[in-house]
Each structure stands twice: as structure tokens, then as C-alpha cells.
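Residue-level structure breakdown
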Amino acid sequence: MPHDHHDHLSPSGHPYRVDDDHPLTYWQQMEIAVRELLIEKGVTTAAEIATQIDAMDARSPANGAAVVARAWIDPAFRADLLADGSAASQAMGFDVGPMKLIAVENTADIHNVIVCTLCSCYPRNLLGLPPDWYKSRAYRSRTVKEPRKVLAEFGVTLPDHMTVRVHDSTADMRYIVIPARPSGTEGWPAADLATLVTRDSMIGTGLAKLPDA
Amino acid sequence: MVERTYMRVRADMPPGHVRTPAYLRGKTGWVERTLGPFPNPEALAYRQPAEPHPVMRLRFTMAEVWGADAERPTDTIDAEIYAHWLEQAEPPYAP
Amino acid sequence: MADTPDTFKGRRWHDMGGDAAGPVPTEQHDFHLWEKRVDALMILCSGKGHFTVDGLRRVLEDMGPDAFETMTYYERWIAAVNQNLIEAGVYTTAELGARMSDIAARGPTYGEASVG
């Protein structure tokens with residue numbers, strides 16, 4: 001993509017902004033029109049839209065990682081998180097909005113993985129926007145039928161004795177996986193533990209990183 | 001062993017917006033937990049007043065869902081199903 | 001499945017759990033400003049009660065499989081947001097059409113057409 005002239009001026013003399021220098025598409029035209037009409041009708045304001053974008057940009061897997069790390073070191077919080085994921089996350093200070101969260105925990109015998117076969121439901125208030133692969137036909141179609149093959153594509157090969165528990169986000173709940181805590185991390189503070197918790201480990205397509213990785 | 005409550009997902013195939021995946025219709029699972037009630041999405045989608053419905057989180061074995069095609073018969077799938085899609089059922093196999 | 005009952009007929013295109021498909025794609029793109037704006041409009045308007053997530057999903061599903069294959073995620077979402085706002089009476093199709101024409105006349109790029 002032509003990202004090599006952001007500091008230059010457009011033919012009409014306006015400075016380019018990020019991603020603004022592509023030909024206008026029909027759907028971008030529609031976005032601009034809808035946004036302008038909503039502002040003119042008093043439904044929203046430019047400032048409110050900007051604030052919402054900032055709020056979404058501020059959400060990232062680091063939020064979920066902080067929740068997981070605390071669950072690893074704080075048994076009472078872990079119990080709260082498993083009992084009511086939204087309330088526990090909110091108690092940590094995260095803006096869960098209307099999201100209703102269920103946390104599912106990996107153990108020595110159980111590996112959990114999350115999918116939404118009907119659309120692409122995702123715990124965005126805690127993890128940010130979903131990766132493109134999560135929304136793909138391949139992931140949505142195959143994960144409920146051949147989760148082990150899908151996991152293998154992500155580099156996760158589970159021992160034979162483990163059971164895979166697939167969660168299809170079909171209705172009102174959103175899901176986060178509490179990955180298993182890696183050994184060799186005894187005594188680590190939460191902030192260090194959180195660096196081991198990847199986005200994919202909270203979807204179930206990955207494991208927590210090992211301490212020396 | 002905790003006694004399981006088994007439910008069968010109705011095998012209906014209406015057109016329109018529903019949140020019951022086709023691959024689970026006609027399949028029997030056990031109640032993992034009960035949620036809600038939540039407003040019926042089949043009404044919300046068409047801007048109609050939506051009655052609250054209980055929602056069951058059911059757990060299905062891969063054997064029940066995919067039969068002989070199952071990748072690993074004892075692996076499981078959990079899904080949230082609105083109560084109006086569910087009927088009481090007998091265990092599909094020895095639990 | 002070989003023993004697919006007749007009742008399985010009628011399954012809709014978006015209801016894809018269990019379908020055969022190729023490898024999970026690994027490409028990832030960063031979200032553009034216009035895509036983030038679509039996302040923000042969706043959250044704000046549903047939060048204010050102008051439509052529901054299920055209303056959006058209904059339109060996305062009714063758009064059919066061709067839209068899923070040929071349009072990007074946020075292209076489909078702005079189409080669904082717009083459809084729901086028209087159904088809610090927030091603005092009219094005529095207002096939208098006129099505004100889109102005005103916008104196209106402002107310039108050939110998103111940056112020039114979007115004055116906000």
C-alpha cells in the first residue's frame with residue numbers, strides 16, 4: 001500500500017492523513033454520509049465518535065493479560081472471575097460495558113478454545129478488536145468439527161490425555177480462556193506474568209509463553 | 001456424580017435470524033449452566049418487542065454432534081441455546 | 001454429513017459451523033480510520049437504542065454469501081448500520097443518496113471527501 005508520502009500534500013493542497021490517500025470507495029462514501037447525517041440529526045457528535053475510537057484503541061490483549069495474571073496469583077480473584085467474568089474484570093477497573101463475560105480455565109486435562117460460528121462474537125471490551133483470522137470462514141467453520149487440526153495450525157499440539165472443550169459464542173455471552181500458568185514462574189509478580197499471556201492464549205489457539213521464551 | 005439434565009435442540013429450519021447453529025439442531029446435550037433470561041434475538045432482529053427467554057449453556061460431545069466423523073469423540077462443544085429451541089431429552093448414550 | 005436429514009435443508013450461508021474449509025488464514029491488516037469510525041458508529045447508535053446487534057446481524061445475513069466473499073468486514077458493517085438507521089427512521093434514503101453524491105464531489109480520496 002502506498003504509505004510513502006504521508007508528509008506530502010495531496011493534489012488539492014491538503015495534508016494527507018494516515019490511510020487517507022487511497023481512492024474514495026463507495027462504502028467509505030457511505031460511512032462519511034452516515035456519520036455526517038448522524039451528527040446533523042443530533043444522534044451523536046464528532047467528539048463522541050473520536051472518544052469512542054480512542055476507547056476502542058485503548059483496549060488490547062494487555063487488558064485480558066492483566067486479568068489472567070491476577071487470576072494466576074490471587075485465588076479469591078480467580079474464583080470471582082470464574083463465577084462472573086464481567087464483574088471481576090470491572091472490579092479490576094476495566095470498562096466491560098454491556099459485555100457479559102464467561103472465563104473458562106485450562107487445566108492439566110482440559111484445553112478450551114473459543115469460536116463464533118454464526119458471526120464473530122469476541123470479548124472486545126477486554127481484548128480489543130478480533131484478529132482477521134477469527135472472523136474467517138475457515139476458523140468459524142472448522143473449529144467446532146476439527147479443533148485439534150485447527151490448533152495444530154496455530155502450533156498447539158495437545159497431549160492425548162487432554163480433552164478439548166470448544167465454546168461456540170452463539171448468544172449473549174463472550175468468552176476468555178484462562179491459559180495454564182507456565183511452570184518456572186513461581187513467585188513472579190503479576191506484571192511480569194502478564195507478559196507471558198498472549199492474545200491467542202486467551203482465545204485458546206495458543207498457550208501462555210514459557211518464562212525463558 | 002452430579003446428575004445431568006439432558007436437552008435436545010429442536011431440528012426446526014425456519015428462515016430468518018436465529019442464533020441456534022444448524023450443526024446442533026436435533027442434537028442432545030446436557031445443561032452446563034443456565035443463563036439469562038435474555039430478550040429473544042429472533043424478535044430483536046426485526047424491531048419487535050422481545051420477550052425474555054432463559055438461555056441454556058449446553059455441552060455436547062463430538063460423538064453426538066458429528067457421529068462417526070468426530071475428530072475425537074470425547075471432546076466437547078458448549079453453546080448457548082435459547083429455551084424455546086429446547087426439549088427435555090433422555091441421555092443419548094450412557095453418561 | 002452423509003446422513004444429513006432433510007430438515008438440514010434450509011441452513012443459511014452464515015451458519016457455517018462444521019463446513020469443510022481450507023487452512024485458517026494468517027494475514028492481518030491494521031484498521032483504517034474509516035473502519036474505526038464504522039465501528040464507533042455501530043457502538044454509539046446501538047448504545048442509544050437506534051438498532052440492536054441482532055438487527056445488524058439480520059441485515060448482514062440477508063446480504064448473502066457473495067457479500068461475505070467480496071466485501072470487507074467493515075464494508076458489510078456500514079451497509080448494515082445504514083440499513084438499520086433507515087429502518088429506524090433516523091434519516092431517509094433520499095438524504096443518504098444526496099449526501100453521498102455531495103461527498104463524492106469533494107475529491108477523489110477519503111481524506112479530501114471526509115471533512116470531519
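Note that the structure is predicted; figures quoted are calculated from it, not measured.

Turning to the interface of chain A and chain C, a few remarks are in order. Contact residues are listed per partner, giving 58 residues for chain A and 63 residues for chain C. Summed over both sides, the interface of chain A with chain C buries roughly 5600 Å², with 62% coming from carbon and sulfur. Where chain A meets chain C, there are eight salt bridges. The salt bridge involving Glu40 of chain A is made with Arg99 of chain C; its shortest N-O contact spans 2.7 Å. At the boundary of chain A with chain C, the tally comes to 22 residue pairs in polar contact (both at pLDDT 80 or more).

We now examine the state of the cysteines. Counted according to the given criterion, the structure contains zero disulfides over all chains. With no disulfide of its own, Cys116 of chain A lies closest to Cys119 of chain A among cysteine sulfurs, the gap being 3.5 Å. Cys119 of chain A provides the cysteine sulfur closest to Cys45 of chain C, a residue in no disulfide bond, and the two sulfurs are 19 Å apart. For Cys45 of chain C, a relative accessible area of 1% translates into the label buried.

Let's shift gears to unusual backbone geometry. Residues and elements named next belong to chain B. Here Gly36 and Pro37 are connected by a cis peptide whose omega angle stands at 10 degrees. You can see Pro37 is positioned in strand β2 (residues 28-39). Positive phi values are uncommon outside glycine, yet Arg47 reaches one of about 60 degrees. With respect to the helices and strands, the residue Arg47 is situated in the loop between α1 (41-44) and β3 (52-61).

Across all of its chains, the model carries 33 salt bridges over all chains by this definition. Measuring nitrogen to oxygen at the nearest pair gives 2.6 Å for the salt bridge that ties Glu95 of chain C to Lys41 of chain A. In this pair, Glu95 of chain C sits in helix α5 (residues 93-104) while Lys41 of chain A sits in the loop between α1 (26-40) and α2 (46-58), so the two residues belong to two different chains. According to the relative accessible area criterion, Glu95 of chain C is partly exposed, its value standing at 28%. Given the relative accessible area of 39%, Lys41 of chain A is considered partly exposed. A salt bridge links Lys135 of chain A to Asp132 of chain A; its shortest N-O distance comes to 4.0 Å. Taking relative accessible area as the criterion, Asp132 of chain A reaches 18% and is therefore assigned buried. Overlapping salt bridges, with partners in common, bring together Glu32, Arg33, Arg57, Arg59 and Asp78 of chain B in one network.

What counts as what
Residues numbered from 1 in each chain as written. Chains lettered and ligands numbered in written order. Predicted model: local features only at pLDDT ≥ 70, side-chain atom pairs only at ≥ 80, totals over all residues. Heavy atoms only, no water. Contact = heavy atoms within 4.5 Å. Buried area = accessible area lost by both parts, 1.4 Å probe. Salt bridge = Lys/Arg side-chain N within 4 Å of Asp/Glu carboxyl O. Polar contact = N/O pair within 3.5 Å; in protein donor to acceptor, adjacent residues only side chain to side chain. Disulfide = S-S within 2.5 Å. Buried < 20%, exposed > 50% of the residue type's maximum accessible area, 1.4 Å probe, protein only. Helix = DSSP H or I, 4+ residues; strand = E, 2+ residues; numbered from the N terminus.

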